[in-house]
Amino acid sequence: MTATSETVSPGAVGFVDGLRVLEIGGELGEYAGRVLVGLGADVVRVEPREGSPTRGYGPFVDDVPDAEKSLYWWHYNHGKRSVALDLDTPQGGEELRRLARQADLVIESMPRGWAAERGVDADTLLAELPHLLHLRVTPFGDTGPWADYVGSDLIHLALGGVMMNCGYDPDPRGFYDTPPIAPQMWQAYHITGEQAVISVLGALVYRHRTGRGQAMSVAVHEAVSKNTETDAPDWLFLGQRHRRLTCRHSMVSASLPALAITKDGRYALPYKTYLKGSVTADASAWESTVAVLREYGSGAALDEPQYATAEGRQTAAAVDRLSSAVEKLFSSTLYSADVWRAGQRQGLPWAPVRLPEENVSDPHWRLRGAVVDLDEPTLGRAVAHVGAKWYSEDAAWAYGGPAPRVGEHTADVRREWAVPSTHRPVASVPTDEVRSVHGAPFALGHVRVIDLSWMLASAGAGRFLAALGADVIKVEHDSRLDGMRTGQGLCPPGGRDERRAATTPLPTPTFDRSNPNRSGSFMEINAGKRALSLNLKSPEGRRILEDLIRDADMVVEGFSPGTMERMGLGYARLKELKPDIIYVQQSGMGEHGTYGRLRAFGPTAQAFTGISEMSGLPSPFPPAGIGYSYLDWFGAYNMANAMIAALYRRDRTGHGCHIDASQGEIGLQLTGTAFLDCSVNGRSWRRTGNRSPYRAAAPHGAYRTRGDDRWIALAVFDEEQWCALAAALGRTDWTSDPRFVDMAARLAHQDELDAEVEGATRDLDGGELMALLQRSGVAAGVCQEASDRYESDPQLAHLGWTVELRQSEIGTWPVKEHPVRMSVTPTHIGGRLDRSGPNYGEDTDEILAEILGFDDDRIAALRADGVV
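Note that the structure is a prediction, hence the values are computed from the model and not measured.

Conventions adopted
- Residues numbered from 1 in each chain as written.
- Predicted model: local features only at pLDDT ≥ 70, side-chain atom pairs only at ≥ 80, totals over all residues.
- Heavy atoms only, no water.
- Helix = DSSP H or I, 4+ residues; strand = E, 2+ residues; numbered from the N terminus.
- Buried < 20%, exposed > 50% of the residue type's maximum accessible area, 1.4 Å probe, protein only.
- Areas by Shrake-Rupley, 256 points an atom, 1.4 Å probe, with all protein chains shown as cover.
- Lys, Arg positive; Asp, Glu negative; His and termini not counted.
- Charge placed at Lys NZ, Arg CZ, Asp CG, Glu CD.
- Pairing = 2+ DSSP bridges.
- Polar contact = N/O pair within 3.5 Å; in protein donor to acceptor, adjacent residues only side chain to side chain.
- Salt bridge = Lys/Arg side-chain N within 4 Å of Asp/Glu carboxyl O.
- Phe/Tyr/Trp six-rings, centres within 6.5 Å; stacked < 30°, edge-to-face > 60°.
- Lys NZ or Arg CZ within 6 Å of the ring centre and 35° of its normal.
- Contact = heavy atoms within 4.5 Å.
- Axes fitted to C-alpha atoms, helices over the stretch in contact; angles between N-to-C directions.
- Core = buried A, V, L, I, M, F, W, Y, C linked by side-chain atoms within 4.5 Å.
- Parallel < 35°, antiparallel > 145°, perpendicular 65-115°, else oblique.
- Nonpolar A, V, L, I, M, F, W, Y, C, P; charged D, E, K, R; others polar.
- Expected span 1.5 Å × (residues − 1).
- Left-handed = near helix turned anticlockwise from the far one by under 90°.
- pLDDT = per-residue confidence, 0-100.

Let's talk about the overall build of the chain
Item 1. Of regular secondary structure, the chain possesses 33 helices and 24 strands.
Item 2. When burial is assessed residue by residue, the chain has 63% of its 868 residues classed as buried.
Item 3. Looking at the chain as shown, the accessible area adds up to about 29,700 Å², and 51% of this sits on carbon and sulfur atoms.
Item 4. Across the chain, 89 positive and 114 negative side-chain charges occur, with their mean positions spaced 2 Å apart.

Below you can see the structure in the form of structure tokens.
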């Protein structure tokens, strides 16, 4: 059974229907292949005769290991096809080369040198087939001091800085008695896969126009290192170090608890929008929260005179009293009472902290196709799967058949791929290509985007298109500035010279609304864009926006659901302005469905979808969550992929489309096998801390090393690595200890094993130990902070992970480059402008003159009238 949305237009064309993708390798590239299946690609997985090693990852049907009953395999390979070859024989090698020559895209993630030995590396294939696209995924890159290091999901989350943002509050003395926590599961490869697909789609658009293919490469380490949020700008601009906090953003100092525990021991996230200094704070948040308390008969104490004014409500004592009242409300009600709904009715972004599988029966996700029941022949019944990554009435999400049995499609693929692909390009190289500072063409140099985005989750999407060369015009007005301008990563008054001279952390500057151009976070997320100040509340402002849309390829926005319709700019109107327009919107939970205008952003969506619950130590610990707006980044990745996929579809068919994306939907994609494990085995998700839940490994965790809150992550998957670890730590006696003698014994005694390992590491230098273990073939990585990545990570420096970009107000600072290297159309995070983010309205005159032909007098009149 193939699940599709019931409201997709009959005969709708998918995004990349029939694109031929040959996937060679394991876990590093599986998620990218899975995304391409959903876009309509024919993804063929090449396996050895005995099957891919990832078929050995659990959970399994009935917990019995079986290569055909791995739920990991079912999840990451649903809709793919399998070709089994003996890749160490001449015949198998020739068959592999033949398939590669017939593909549109090769995704390869094998050890360095493997592909070259078999003639399926990028250099060999592109010399013969210049139209081919080739993506290589590596742990650390093929060159550099860490090129031969061993990676794993845990190790990449440690080295990339994610773990040091995630975990539990310190004790009252500030001492961390619990380790940093890695979010479950396979998140390093999700992060990498999303960013890889952005480049693949960009390269595909360019190939369709020009006929030229190219090689692409991405290192998991670099991709993950670019995923954290405010810890990076706080270090870069102010030298401030973040601290881990339970189920809330890591910060320089402590904040009020975010979680509220219910009477029956479950959790909710009543996000405190009334907090002083909060980016989300608004004048009505206090009244809305008190209204919820009154609904439950507990708000009277907050009617006292001292709370009658805004000043009285913003004192520390007042905020603490209101927070305590909210926590008491939840502690006196059951989880099933859904108190969070009362908050939402008052416009508050409250959320339940759900187990991931609790979303299976949610009618909202069912209506959007985000959760679907798909047939599993092995079981003889349908089971719940994660479905579409977004909702579109114009283009169906593809599912294909069940995950393939080993070699199931070998004969079919041989026959079908003998016919040339329908995606083979026929165009010639254009003469009007926009070129970057690299002297090379941009992949999307012909594209113009009207960007009505807000904060990282939607504004970040345009960042990636600008890096690919699109002309991204950010539209905003000082009556509603992008919230990222107002206080995240503010540049010190003395600029970079002050930061260089500082020997201690600099104080956080106060945001000055008269100068909204000092936020380093805003500038990085909006790098490469042009800025237009435009008052959309005025009729003339809306007319100008409509004229700009007539000349654009796409419109993207991050407003609350329904806002564009209320402005008279719904999709029907946009199509009147530009018949082939692409319209991509993103909100917390999506517009189509049952939630309507439910308020949500990164932390809310994380709680809803199960992401928060999936990170942390086992009960009785609460969920640790992810210590930043993880789904803001994934919202940006997902939206960028939707935009470029729709662009490729338009270029092939002439049809635009409407895509309604949400942070919640992409969050469901990241819950891995949780849905399947529940619907197949009846098992509810349970946290495992840093232990490997589904791939046998022990020890597997974060262990204290010398220094203040310094840790090293270790992942031991076989006996050779275990012996090497024991030798490096001077504890060869472990290898003969009955508790640790083999993997089964170590898994059975993990508490004792972890205590022994930490006893051996706690007085050692983490960096030196990591280097020693990696030389011995053991997956090891220090849990890096932002300072480590910026100041001392030699591999990131070798890869050139940041680019120096000028900014008109704050000067030149490092900005994180897109992590995927492209051989023909290299990205530049400064875009066609070679610039960091724009000042407010910085390019208004240029845009109005260049695109709409306005002269100086017309622009001056618009400015005088408050339109621009």
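Moving on from the coordinates now.
Digging into the sheet that holds strand β24 (residues 821-822)
Strand pairing in a sheet is mediated by backbone hydrogen bonds. Such pairs are either parallel or antiparallel.
Item 1. In spatial order, the strands read β3-β2-β1-β4-β5-β6-β24; together these 7 strands make up an open sheet with mixed pairing. Two strands lie at the open edges of the sheet, namely β3 (81-85) and β24, each paired on one side alone.

Observations concerning the side chain of arginine 266
Item 1. Mapping arginine 266 onto the fold places it in the loop between β7 (260-261) and β8 (267-269).
Item 2. Of note is the side chain of arginine 266, whose polar atom sits 3.4 Å from the side chain of tyrosine 335.

Some points on the pairing of strand β15 (residues 530-533)
Item 1. Burial along β15 is two-sided: Arg530 and Leu532 and Ala531 and Ser533, pointing in opposite directions, are all buried.
Item 2. Examined bridge by bridge, strand β14 (residues 471-476) and β15 share 4 bridges and lie parallel to one another. Looking across to β15, one finds that valine 475 is bridged to leucine 532.

Notes on the pattern of salt bridges
Item 1. A complete count under the given rule lists 81 salt bridges for this structure.
Item 2. A salt bridge links aspartate 42 to arginine 81; the nearest nitrogen and oxygen atoms lie 2.7 Å apart. Of the two residues, aspartate 42 is situated in strand β2 (residues 42-48) and arginine 81 in strand β3; the sequence distance between them amounts to 39 residues.
Item 3. Exposure remark for arginine 81: the relative accessible area of 13% places this residue in the buried category.
Item 4. With a closest N to O distance of 2.8 Å, aspartate 660 and arginine 368 form a salt bridge. Of this pair, aspartate 660 sits in strand β18 (residues 657-662) while arginine 368 is found in helix α14 (residues 363-368), placing the two residues 292 residues apart along the sequence. In terms of burial, aspartate 660 and arginine 368 fall into one category: buried.
Item 5. In this structure, a network of salt bridges that share partners links the residues Arg448, Asp471, Arg530, Asp551, Glu846 and Glu850.

Comments concerning unusual backbone geometry
If a residue is not glycine, its phi is most likely negative; likewise, a peptide bond is most likely trans.
Item 1. Here the bond from glycine 58 into proline 59 is cis, since omega is 0°, no more than 30 degrees from zero.
Item 2. Along the polypeptide, proline 59 turns up in the loop between β2 and α2 (71-77).
Item 3. In the Ramachandran plot, methionine 455 falls in the positive-phi region, its phi being about 60° despite a non-glycine side chain.
Item 4. If you trace the backbone, methionine 455 turns up in helix α16 (residues 455-467).
Item 5. Of note, aspartate 709 is a non-glycine position whose phi angle comes to about 55°, a positive value.
Item 6. Its place among the elements puts aspartate 709 in the loop between β19 (700-704) and β20 (711-715).
Item 7. The buried category is assigned to aspartate 709, whose relative accessible area is 8%.

Details of the packing of aromatic side chains
Item 1. A full pass over the atoms with the stated rule returns 26 aromatic pairs.
Item 2. Judged by centre distance (5.3 Å) and plane angle (45°), the rings of tyrosine 168 and phenylalanine 621 are tilted. Of this pair, tyrosine 168 sits in the loop between α6 (153-159) and α7 (187-210) while phenylalanine 621 sits in the loop between α22 (602-609) and α23 (630-653), and the two are 453 residues apart along the sequence.
Item 3. Three or more aromatic residues joined by ring pairs make a cluster, and in this case those are Phe464, Tyr628, Tyr630, Trp633, Phe634 and Tyr637.
Item 4. The ring of tyrosine 335 has arginine 266 sitting right over it, with the charged end atom 3.9 Å from the ring centre.
Item 5. For arginine 480, the ring lying beneath its charged end belongs to tryptophan 454, and the centroid distance is 4.1 Å.

Here we look at the sheet that holds β18
Item 1. Taken together, the 7 strands give an open sheet; going across it, the order is β12-β18-β17-β16-β13-β14-β15, and neighbouring strands pair in mixed fashion. The sheet is open, and its two borders are formed by β12 (390-391) and β15, each paired with just one other strand.
Item 2. Against the sheet, helix α19 (residues 539-550) engages β13 (448-452), β15 and β16 (554-557), with an angle of about 150° to β13.

Considerations on the nonpolar core
One recurring pattern in soluble globular proteins is that nonpolar side chains are buried together.
Item 1. Of all hydrophobic cores here, the largest spans 155 residues; its most connected members are Phe15, Leu39, Leu444 and Leu465.
Item 2. Sequence-distant contacts of leucine 465, that is, excluding residues within four places in its chain, are made with Leu444, Val449, Ala470, Val472, Met554, Ala640, Met643 and Ile644.

Comments concerning the side chain of serine 538
Item 1. Residue placement: serine 538 occurs in the loop between β15 and α19.
Item 2. Polar side-chain contacts of serine 538 include one of 3.0 Å to the backbone nitrogen of glycine 541.

Points about the environment of aspartate 478
Item 1. Within the secondary structure layout, aspartate 478 lies in the loop between β14 and α17 (495-501).
Item 2. By relative accessible area, which is 40% here, aspartate 478 ends up partly exposed.
Item 3. In sequence terms aspartate 478 and valine 383 are 95 residues apart; their C-alpha atoms lie 50 Å from each other.
Item 4. Once you skip the residues sitting within four places of it in the chain, aspartate 478 turns out to touch Arg513 and Tyr840.

Remarks on the packing of α22 against α23
Relative orientation and spacing of two packed helices are given, respectively, by the angle between their axes and the distance between those axes.
Item 1. Where α22 meets α23, the axes come as close as 7 Å, and the angle between the chain directions of the two elements is 95°. Here α23 runs roughly perpendicular to α22, going by the angle between their axes. Contacts between α22 and α23 involve Gly602, Ala605, Gln606 and Thr609 from the first element and Tyr630, Leu631 and Asp632 from the second.
Item 2. When grouped by side-chain class, the residues that make up the contact of α22 with α23 number 3 nonpolar, 3 polar and 1 charged.

Section: the pairing of strand β10 (residues 371-376)
Item 1. Both β10 and strand β11 (residues 381-386) contribute to a ladder of 6 bridges, which runs antiparallel. If you follow valine 372 over to β11, its bridge partner there is histidine 385.
Item 2. Between β10 and β11, which follow one another and run antiparallel, lie 4 residues, and glycine 380 among them has a positive phi close to 75°.

Notes on α19
Item 1. With 12 residues, α19 should cover 16 Å at 1.5 Å per step; its first-to-last C-alpha distance of 17 Å lies within 8% of that length.
Item 2. Those residues of α19 that sit buried are Gly541, Ile544, Leu545, Glu546, Leu548 and Ile549.
Item 3. Where the residues of α19 are buried, they touch β13, β15, β16, α21 (571-577), α32 (844-852) and α33 (856-864).

Quick notes on the packing of α7 against α23
Item 1. Two elements in contact, α7 and α23, have axes separated by 9 Å at closest approach and are oriented at 25°. Viewed along their axes, α7 and α23 adopt a mutual orientation that is roughly parallel. At the point where α7 passes α23, the crossing takes the left-handed sense. Taking contact as the criterion, the partners of Gln187, His190, Ile191, Glu194, Gln195, Val197, Ile198, Leu201, Gly202, Leu204, Val205 and His208 in α7 are, on α23, Tyr630, Phe634, Tyr637, Asn638, Ala640, Asn641, Ile644, Ala645, Leu647, Tyr648, Asp651 and Arg652.
Item 2. Class assignment for the residues of the contact of α7 with α23 results in 14 nonpolar, 7 polar and 3 charged.

Let's talk about helix α26 (residues 719-728)
Item 1. Of all the residues in α26, the buried ones are Gln721, Trp722, Ala724, Leu725 and Ala726.
Item 2. Taken together, the buried residues of α26 touch β20, α27 (743-748), α28 (750-761) and α29 (766-775).
Item 3. Capping of α26 at its N-terminal end is provided by aspartate 718; its side-chain oxygen lies 3.2 Å from the backbone amide nitrogen of glutamate 720.

Focus: the environment of glycine 590
Item 1. For glycine 590, the position within the fold is in the loop between β17 (582-587) and α22.
Item 2. For the pair glycine 590 and tyrosine 637, spaced 47 residues apart in the sequence, the C-alpha separation amounts to 16 Å.
Item 3. Excluding residues within four positions of it along the chain, glycine 590 makes contact with His364, Arg368, Pro561, Gly596, Asp660, Ala661 and Ser662.

Digging into the confidence of the model for the chain
Item 1. Of the residues in the chain, 97% reach a pLDDT of 70 or more, and the chain-wide mean stands at 94.
Item 2. Overall, residues 1-8 carries pLDDT values under 50, and its contacts beyond four positions in sequence, including any with other chains, amount to 18 contacts.
Item 3. Taken as a whole, residues 277-281 scores under 50 in pLDDT and shows 11 contacts with residues more than four places along the chain or in a different chain.

Observations concerning the environment of leucine 379
Item 1. Within the secondary structure layout, leucine 379 lies in the loop between β10 and β11.
Item 2. Counting along the chain gives 85 residues from leucine 379 to arginine 294, while the straight-line C-alpha distance between them is 51 Å.
Item 3. Residues within four places of leucine 379 in sequence aside, it is in contact with Val61, Trp74 and Val680.

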